[in-house]
Amino acid sequence: MSQIDTIKEIVHYEQLLRENSTNHVLKGEYLIRDSQYPDMKEVLGVDATANITNKEILGDKVMVEGNLNYIVFYLPKDDAVLEHPTNKIQSVIFTDKFANYLDLNNDENNTWVDVECEIEHIEANWMNERKVGINGVITLKWQVFKNGEFECVKDIEGKEDIQTLKKEEELTGIKGEKDVDLLGKTMLKVTMDKPEIDEILKCDMNIHKKEIKLVEDKFYVGCYCKIIVLYKSRENNELVHLEDDIYLSKEEEMPGTTQDMIPSIDLKVRDYNYNVELDDLGESRVINIEFMIRGKVKVYTNEKVEMIKDAYSPTSNIEIKREEKNFGDILSIMNTDIMVKDNIKLNNEEGRIEEIVCTSAHPYILDKNIEDDRLKIEGLIKICIIYKVLDEELNYGILNTEVPFSTYVDIKDSNNKLKSVVKSSLENLDTVIEGNSISVRATVGLTIKIYCNKTIETVADVVGGESEEKEKKASITIYVVGENDTLWELAKEYNTTVADLIKLNDLDEDVEIKEGMKLIIPGRAIF
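Residues numbered from 1 in each chain as written. Predicted model: local features only at pLDDT ≥ 70, side-chain atom pairs only at ≥ 80, totals over all residues. Heavy atoms only, no water.

Colleague: Please provide a residue-by-residue account of the nonpolar core, values included.
Modeller: Counting 34 residues, the largest nonpolar core has Val 340, Leu 375, Ile 377, Ile 381, Leu 446, Ile 448 and Ile 450 as the members making the most contacts within it. For this core, the element with the highest residue contribution is strand β18 (residues 437-469), accounting for 8 residues. If we skip the residues at most four places from it in the chain, Val 340 touches Ile 381, Val 403, Pro 404, Phe 405, Val 440, Arg 441, Ala 442 and Val 444. (Core = buried A, V, L, I, M, F, W, Y, C linked by side-chain atoms within 4.5 Å. Buried < 20%, exposed > 50% of the residue type's maximum accessible area, 1.4 Å probe, protein only. Helix = DSSP H or I, 4+ residues; strand = E, 2+ residues; numbered from the N terminus. Contact = heavy atoms within 4.5 Å.)

Colleague: Give a detailed account of the sheet that holds strand β16 (residues 395-410), specifying residues and quantitative values.
Modeller: Spatially, 3 strands are ordered β14-β15-β16 in an open sheet, and the strand pairing comes out antiparallel. Of all strands in the sheet, those with a lone pairing partner are β14 (353-371) and β16, marking the two edges. With strand direction ignored, the average angle separating the axes of adjacent strands in the sheet is 15°. (Pairing = 2+ DSSP bridges. Axes fitted to C-alpha atoms, helices over the stretch in contact; angles between N-to-C directions.)

Colleague: Let's hear about the pattern of salt bridges: which residues, and what values?
Modeller: For the structure shown, the criterion picks out 37 salt bridges. The closest approach of N and O atoms between Arg 234 and Glu 196, which form a salt bridge, is 3.3 Å. You can see Arg 234 sitting in the loop between β9 (218-233) and β10 (239-253) and its partner Glu 196 sitting in the loop between β7 (163-189) and β8 (197-215), a full 38 residues away along the chain. For Arg 234, a relative accessible area of 44% puts it in the partly exposed group. Accessibility expressed as a relative area gives 10% for Glu 196, which makes it buried. Salt bridges sharing common partners tie together Lys 55, Asp 114, Glu 116, Asp 266, Lys 268 and Lys 423. (Salt bridge = Lys/Arg side-chain N within 4 Å of Asp/Glu carboxyl O.)

Colleague: So, the environment of Val 115: which residues are in play, and what are the values?
Modeller: Tracing the backbone through its elements, the reader meets Val 115 in strand β5 (residues 111-128). Separated by 95 residues in sequence, Val 115 and Asn 20 place their C-alpha atoms 9.8 Å apart. Sequence-distant contacts of Val 115, that is, excluding residues within four places in its chain, are made with Ile 52, Lys 55, Val 64, Leu 102, Leu 140, Lys 141 and Trp 142.

Colleague: Lay out a nonpolar patch on the surface with the relevant residues and their values.
Modeller: Taken together, the side chains of Ile 476, Ile 478, Leu 504 and Ile 520 make up a nonpolar region of the molecular surface, amounting to roughly 360 Å² of accessible area. In this structure, Leu 504 sits in helix α3 (residues 498-504). Since its relative accessible area comes to 42%, Leu 504 is described here as partly exposed. (Patch = residues over 30% accessible without salt bridge, like charges linked within 9 Å, V, L, I, M, F, W, Y side chains within 5 Å. Areas by Shrake-Rupley, 256 points an atom, 1.4 Å probe, with all protein chains shown as cover.)

Colleague: Can you tell me about the packing of aromatic side chains, naming the residues and giving the values?
Modeller: Within this structure, the stated rule accounts for 11 aromatic pairs. Measuring from ring centre to ring centre gives 6.2 Å for Tyr 13 and Phe 150, while their planes differ by 45°; the resulting arrangement is tilted. Placement of the pair is Tyr 13 in strand β1 (residues 5-31) and Phe 150 in strand β6 (residues 131-157), with a sequence separation of 137 residues. Side by side, Tyr 13 and Phe 150 carry an identical accessibility label, which is buried. Look at Tyr 312 and Trp 488: their rings are 5.0 Å apart centre to centre, the planes differ by 70°, and that puts the pair in the edge-to-face class. In this pair, Tyr 312 is assigned in strand β12 (residues 284-312) and Trp 488 in helix α2 (residues 487-493), connecting sequence segments 176 residues apart. (Phe/Tyr/Trp six-rings, centres within 6.5 Å; stacked < 30°, edge-to-face > 60°.)

Right under this line is the structure:
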């Protein structure tokens, strides 16, 4: 028997192994060390942000490190107000770090972890005139993925009479992935109708309008980064905000990509710095900001993979080695936007709202569930609003609130084994004063991946059998087709070919034989 050569294909896949969440408790005491800040009389509120700066897999754990930024707003003691009667609010910045270890309980190879953090709860409490206590909870949400691969036989060469039965499996495989860095910078100038800068209180950055386009062997990435700066003025400690919206883009090579493939991108602000400089008049009115957005681009192919289901030789024995493969598949990748509206009423005894100074918001996913061919998504937008109150003296208020949202997304091939990964982004936010309430209109972007686990039987290899030659018989058989018989099974059993059966019985090539039909078969079965 001549040498049997198998042509194999490697299938690459991405599998969602598990997902979980872990709470990290925040508890600390912070001193107001700088003498430029007056003593506290009362804490009004706190605006907090948390960012992951590093994650590293260490055995069966993931070490997650991050930074915390707190802006505490407070009322100064009466003597401080008497010295500066136009100011009744102060703010001070505290920074801290956090670290946590996530238990993966994982013995798989080639795994990676995606971690996101959100501030579940935060509050600041007055401890004494120079000390603030901050308590809160950070929720770390994480998913464990596996980048795997397996081989399957797609064709056989080397022996002319080997018959093959092929099947097609529709799979979404990974074509390529690449890390991308986008570097941005801007210069914000404070116009003369606004007061001079004394201190930057916060610098928020929000990525929105992400886009990715594929061309031949390349991809193009673009996004906007909205920058909101809140500063305290030098003249009377008035709070002022500035903003800018910067577009960034980049083109990178990725050999093998085509326009009909499916791209996916995840972008986050990883690092930024700013500094205040003097303008031509020697006043602090210029803010230089530099930042880096880091992300990972993945390109998937949704294609029908042809593989051998069965094979035999009419003249020689061959051995087929089969294996059962368990792997992950991505059923769909989709993006959608939802509108979120709410009207927030304020119980403000000091006066009506004059102006919204600054608004920051972050959407979070609370729950997701697949049922009845639909994915139900529930979440909320955590909003921090700093506003000015119309009063005889300058006064401010701070409002931390939550606006819930929910939506349904239709999905195909729904079953209980499906899993989903949903990421949210803030695409737009408008806050408007309506009487003594604030109207909120937001657009939340959702990026959704639907995963499933599949099990298929594959042909791993084909080799020659122990007894190579099969005995040929000259007689013919009249065979009555039974239930569930196929031409392939009959041809294999009687050591002939499907083509010979079709020709001898004058059948159409795409015919399906039916129970009770009589077929002429050349040769007898070998037992």
